[in-house]
Amino acid sequence: MIGKLINDYICTGKGMSLKETPRGVGDIAMFPLTLQVIAIVRGIMLGGVKYLWTDAIRDSIFTIAFFIIWISQIKHPIKMSRMYYLCPMNADERVAYIKNAYFFRCIFHSILIVTACIILYTVFDVSLYSLLYILLCGLMYSFLSNVRDNKTDFMRAVFLKPAMYISSYIQFAVPASHFGRDEMIFTVCSFAFLLIVELPMFISVIRAINDDIRVVATGEDYSRC
Amino acid sequence: MISFKEVNRKLGRFEVKAASFDIPEGCICGLVGRNGAGKTTVINMLLGLIKPDAGQITIDGMDYENNEKDIRKLFGFVLVDELFMQHLSPEENGDHFGSFYEAYDKEEYRHCLERFNISGRKHFKELSRGQKLKCQFAFALSVKPKYLVLDEPTANFDPEFREDFWKIVQQFTSNGINSVLLATHLTDDLDRMADMLIFMDEGKVIYNGDMESFRQRYRILSGEKYLLKNIAKEYVINIEEGKYSSKALVINKHGFTDGLTDSPATIEEFMYHYSKRGDAK
């Protein structure tokens, strides 16, 4: 089963150009825009603070992990190639297969995030609360996928990703000393943002992903052609 | 037995209308018609890729609603689309998709690839169109299906392989249980090999039945124009007037062949005259 899922992951990724993916080009364009926002945020919050090479390495590790997941989500939408519909499976088995493939991707993404968090925590100066925030946010981020039909949820997924990326970045990019006695307020605000804004959007997107899995598994796509 | 009863399916402006036919066990059935006649739609419905709007499709008494998995085990297929993963080799593709089939025979698949001169280790995307179809044909055989559904594969086969292909198809059906449904434009081969014919035009099944009945029913008469024009119109599908002699496709009825040369219509002649028909019956 794992072998099948690995084959599936590699082949669908290689075989799909970004132009073919649903709204893939628009989604990928969000990444440089997000980096732009981060540069502005950094400028506003840390204007005058020297940007060291260690900061560059730390930011790169974090950014690369998020970027790989970003691309992976675009290149692996909830989709099945035509051959799977012809193989002897019923709709329930196809649901199970698509879910396994989806969870396989999510676990791969989560491993990347956890690895990045471990490096950030052990090598760089990141507080425990910040680490917890990045981990929670990163794990939620790992479970996102491009939503197909529901435009509202698609937009949520598109904007949730930069939001999660930027809010996680701020956690470690802004040194604790910068806030002084306000560090607790910053932490509370961060977690409030996570719970009030990001989590409800995340739940909504996950529901849409679940609907997509059902639609794809029943082959309603082909019936609509 | 494969059975279509009054099957309708609308796709945009195109519609398959009340398609009814049976494909019995142990036969080679040709599915012919012009481009856009509805052949691929029928094949897609047969393979459960699209659902009919109305009517009933049963395969050995089972339908997709209740027995999808069991039905899919019965089919091997070669479709116009490239079904295999482009970045895997034919061998890897076979093993990957074969794992969904209980009856998949890895050795048989490799043997077929060898027989068809396909490198099992090249990436699928590096193969030519004909080689890709051969791969899918090899896979279709290796899952030990009862029914082979082939959507226009022969046009991309080289003449040498085409002979081999027909041998394999005949061998496949020789047990009297397995059947083949073959959509093709190469009707010469079908004339020689097919036991049954389904002819479609504009989404309708115009003819379905065995080849013997087809040959008896549709006749080509050639001779003097005035003799052909004397034939009652309800029997004439089309008359093609030539400088010295004329030809007509007629629905065979005894009694009007005096002075005319009578021969059974080939599928190609039938398709040609049918497409040129005026007041078709």
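The structure this text deals with has already been given above.
Note that the coordinates shown come from a computational prediction; the quantities given were computed from them, not determined experimentally.

### A word on the overall build of chain A
Per the secondary structure count, chain A includes 10 helices and zero strands. Secondary structure of chain A in N-to-C order comes out as α-α-α-α-α-α-α-α-α-α. Here chain A holds 225 residues, and the buried ones make up 31% of them.

### With respect to the nonpolar core
Within the largest apolar cluster, 127 residues are counted, with the highest numbers of intra-cluster contacts made by C29, A138, V149, V180 and L197 of chain B. Excluding anything up to four places from it in sequence, A138 of chain B contacts Y109, C112, L113 and F116 of chain B.

### Thoughts on the packing of helix 6 (residues 128-142) of chain A against helix 9 (residues 183-218) of chain A
Residues and elements named next belong to chain A. Across the interface, helix 6 lies against helix 9 with an axial gap of 11 Å and an inter-helix angle of 10°. Classified by the angle between their axes, helix 6 and helix 9 sit roughly parallel to one another. Touching Y129, Y133, L136, C137 and M140 of helix 6 are T187, S190, F191, L194, E198 and F202, all from helix 9. Looking at side-chain class alone, the contact of helix 6 with helix 9 contains eight nonpolar, two polar and one charged residues.

### Quick notes on the interface of chain B and chain A
Contacts between the two partners involve 22 residues from chain B and, on the opposite side, 17 residues from chain A. Every element with two or more residues in the side of chain B that touches chain A is listed here: helix 2 (64-74) and helix 3 (90-98) of chain B. If you tally residues by element for the side of chain B that touches chain A, the top one is helix 2 of chain B, at four residues.

### Topic: the pairing of strand 11 (residues 236-240) of chain B
All names here are of chain B. Examined bridge by bridge, strand 11 and strand 12 (residues 246-251) share four bridges and lie antiparallel to one another. Bridge pairing in strand 12 places I239 opposite A248. Taken together, strand 11 and the strand that follows it, strand 12, pair antiparallel across an intervening segment of five residues.

### What about the sheet that holds strand 11 of chain B?
Residue and element names in this part refer to chain B. Across the sheet, four strands lie side by side as 11-12-10-13; this open sheet has antiparallel pairing. Edge positions in the open sheet fall to strand 11 and strand 13 (261-264), since each of these has one partner strand only. This sheet shows a mean twist of 20° between the axes of neighbouring strands, independent of strand direction.

### Description of helix 1 (residues 39-46) of chain B
Since the α-helix advances by 3.6 residues per turn, residues separated by three or four positions end up pointing in the same direction. Residues and elements named next belong to chain B. In terms of residue burial, helix 1 counts as a mostly covered element, since seven of its eight residues are buried. Taken residue by residue, helix 1 has K39, T41, V42, I43, N44, M45 and L46 as its buried positions. After helix 1 finishes, the residue G48 shows a positive phi value of roughly 75°.

### A closer look at the environment of R105 of chain A
Residues and elements named next belong to chain A. By the element assignment, R105 lies in helix 5 (residues 91-123). The buried category is assigned to R105, around which 24 C-beta atoms lie within 10 Å. Separated by 16 residues in sequence, R105 and M89 have C-alpha atoms that sit 22 Å apart. Setting aside anything within four residues of it in sequence, one finds R105 in contact with Y9, S72 and H76.

### Re unusual backbone geometry
Residues and elements named next belong to chain B. With a phi angle near 50°, E6 is a residue other than glycine that sits in the positive phi range. Structurally, E6 can be placed in strand 1 (residues 2-11). Positive phi outside glycine occurs at E152, with the angle close to 50°. Tracing the sequence through the fold places E152 in the loop between strand 6 (147-151) and helix 6 (159-173). Assessed through the 19 C-beta atoms surrounding it within 10 Å, E152 is described here as partly exposed.

### As for the packing of helix 5 of chain A against helix 9 of chain A
All names here are of chain A. Viewed as axis vectors pointing N to C, helix 5 and helix 9 meet at an angle of 130°, and their least axial separation amounts to 8 Å. What the angle tells us is that helix 5 and helix 9 run oblique. Of the two possible hands of crossing, helix 5 and helix 9 adopt the one that is right-handed. Between helix 5 and helix 9, the contacting residues are A91, R94, V95, I98, K99 and Y102 on the first element and I213, R214, V216, A217 and T218 on the second. Looking at the contact of helix 5 with helix 9 residue by residue, the classes come out as seven nonpolar, one polar and three charged.

### A look at helix 2 of chain B
Those residues of helix 2 of chain B that sit buried are Y64, E68, I71 and R72 of chain B. All buried residues of helix 2 of chain B fall inside an arc of 105° around its axis, so they share one side. Tucked inside the fold, the buried residues of helix 2 of chain B contact helix 4 (82-86) of chain A together with strand 4 (54-59) and strand 5 (75-78) of chain B.

Quick notes on the rules
- Per chain, residue numbering runs from 1 following the sequence as it is written.
- Chain letters start at A and ligand numbers start at 1, both assigned in the order the entries are written.
- Residue-level local features of this predicted model are given only where pLDDT is at least 70; pairs of side-chain atoms are given and counted only at 80 or more, and the full residue set underlies all totals for whole chains, interfaces and linings.
- Labels follow the DSSP assignment, with helices taken as runs of H or I lasting at least four residues and strands as runs of E lasting at least two, numbered in each case from the N terminus.
- Between the buried cut of 20 or more and the exposed cut of 12 or fewer other C-beta atoms within 10 Å of a residue's own C-beta lies the partly exposed class, and all C-beta atoms are placed from the backbone.
- Each nonpolar core reported here comprises buried Ala, Val, Leu, Ile, Met, Phe, Trp, Tyr and Cys residues connected via C-beta atoms within 7 Å.
- We call two residues in contact when their backbone-placed C-beta atoms lie within 7 Å.
- With axes taken as lines fitted to C-alpha atoms, and helix axes fitted only over the stretch in contact, angles between N-to-C directions fall between 0 and 180 degrees.
- Oblique is the label for any angle not covered by the other classes, which are roughly parallel (under 35 degrees), roughly antiparallel (over 145) and roughly perpendicular (65 to 115).
- As a working rule, the residues Ala, Val, Leu, Ile, Met, Phe, Trp, Tyr, Cys and Pro are called nonpolar, Asp, Glu, Lys and Arg charged, and the rest polar, with Gly in that last group.
- Strand pairing is assigned whenever DSSP identifies at least 2 bridges connecting the two strands.
- Crossings are assigned a handedness: left-handed for a near helix turned anticlockwise from the far helix by less than a right angle, right-handed for a clockwise turn.
- The directions from the helix axis to the C-beta atoms form the arc being described.

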